[in-house]
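# Descriptive analysis of the structure
As a plain string of letters, each chain reads:
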Amino acid sequence: MNQTMQSLLEKGIKALEERGIPEPALDARYLLLEAFEMDTAHFLLERSRPLPQEEKTRERVRRYQEMIKQREMRVPLQQILGNQEFMGLNFQVNHHVLIPRQDTETLVELVLNEQKDKHASILDMCTGSGCIAVSLAALGGYERVAAVDLSGEALKVAEENRNRILGEEGKGRVSFFQGDLFQALDRNMSPFHILVSNPPYIPTSVIGGLEPEVRDFEPRMALDGSQDGLMFYRRIARESQPYLCPQAAVYLEIGWDQGRAVKEILEENGFCQVRVIKDAPGKDRVAAAVWPGESE
């Protein structure tokens, strides 16, 4: 029997099912479309036709089979494909960055809805792939966005995403700094009107129980929030103040059970108007606050 894309797909689905991969049919189809550089409409037209006996097709079959093997090993689908959609934009990802998640869109949408001044300057702490910083620049039109990460490899990915999504003008609007939180910044730089961050917030003891895709393939430094998961919130609340304008707005992504604790941390460090915002499923997702300034 001649091999078809449908038969390839079915073999891929079976292989993923046997390894207990969540949503095997969906993943197998994404990988097949990627390997054959094809969209769904063309797949539906071509799926039952015998595959041509040519080297180009054989290479695509080999590529698909290799990607299925990677997924069997629990390599995240997004890392195999090399991209993930976020806020309607296509971001490149690899094993050096946290894969952008829909949870984080809650933070970006909140900033876009509440901060309409395009002249407002934004600081994105723990930028990773740059998904927050670049999305805000692209969708909000903000003219000055600074993004910080400790990982030089992560910043290479973020710069690539900036250049690809924003083009040449993006280099003048989104700047990247490498270092340990605020140590990456010059104390003499102009203060920021908005601070955003999706910091590491998973307690160290919890990481071992995460899905293999997260535990084994995403960067631990982007996940580990220390013993109680709150270390970075404490540091941001304490260290950010010299870099913020009076009445600066702060937006921090949080874990579903961290709302009360992060609210207390912000209030203890002098922030006001602290509130916790829920995501679409109704879980606590963002802690927002205002820095009143030293005079108040």
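Residues numbered from 1 in each chain as written. Predicted model: local features only at pLDDT ≥ 70, side-chain atom pairs only at ≥ 80, totals over all residues. Heavy atoms only, no water.

Attention now moves to the nonpolar core. Core analysis: the largest hydrophobic core is formed by 35 residues, its most contacted members being Leu123, Met125, Phe182, Tyr233, Val262, Leu266 and Phe271. Elements supplying a minimum of two residues to this core: β3 (121-125), β4 (144-149), β6 (192-197), α11 (231-239), β7 (244-253), α12 (259-268) and β9 (284-291). If you look at the next biggest cluster of nonpolar residues, it comprises 32 residues, including Leu89, Leu110, Tyr251 and Val286. (Core = buried A, V, L, I, M, F, W, Y, C linked by side-chain atoms within 4.5 Å. Buried < 20%, exposed > 50% of the residue type's maximum accessible area, 1.4 Å probe, protein only. Helix = DSSP H or I, 4+ residues; strand = E, 2+ residues; numbered from the N terminus.)

Tallying each qualifying case throughout the model produces 26 salt bridges. With a shortest N-O distance of 3.9 Å, arginine 285 and aspartate 103 are connected by a salt bridge. Placement of the pair is arginine 285 in strand β9 and aspartate 103 in helix α6 (residues 102-114), with a sequence separation of 182 residues. For glutamate 169, the salt bridge identified is with arginine 173, shortest N-O distance 3.1 Å. On the accessibility criterion, glutamate 169 (42% relative accessible area) is partly exposed. For arginine 173, a relative accessible area of 16% translates into the label buried. Sharing partners across several salt bridges, the network here consists of Asp27, Arg71, Arg74, Glu211 and Glu213. (Salt bridge = Lys/Arg side-chain N within 4 Å of Asp/Glu carboxyl O.)

Moving on, we come to helix α7 (residues 131-140). Within α7, 8 of the 10 residues are buried, which leaves the element mostly enclosed by the surrounding structure. Residues of α7 that are buried: Cys131, Ile132, Ala133, Val134, Ser135, Leu136, Ala137 and Gly140.

Another point: the state of the cysteines. Each disulfide consists of one covalent bond between the sulfur atoms belonging to two cysteines. The final tally for this structure, using the stated rule, is 0 disulfides. With no disulfide of its own, cysteine 131 has cysteine 126 as its nearest cysteine by sulfur position, at a separation of 12 Å. On the accessibility criterion, cysteine 131 (8% relative accessible area) is buried. Here cysteine 245 is not cross-linked by a disulfide; its sulfur's nearest cysteine counterpart is in cysteine 272, at 14 Å. Classification of cysteine 245 as buried rests on a relative accessible area of 11%. (Disulfide = S-S within 2.5 Å.)

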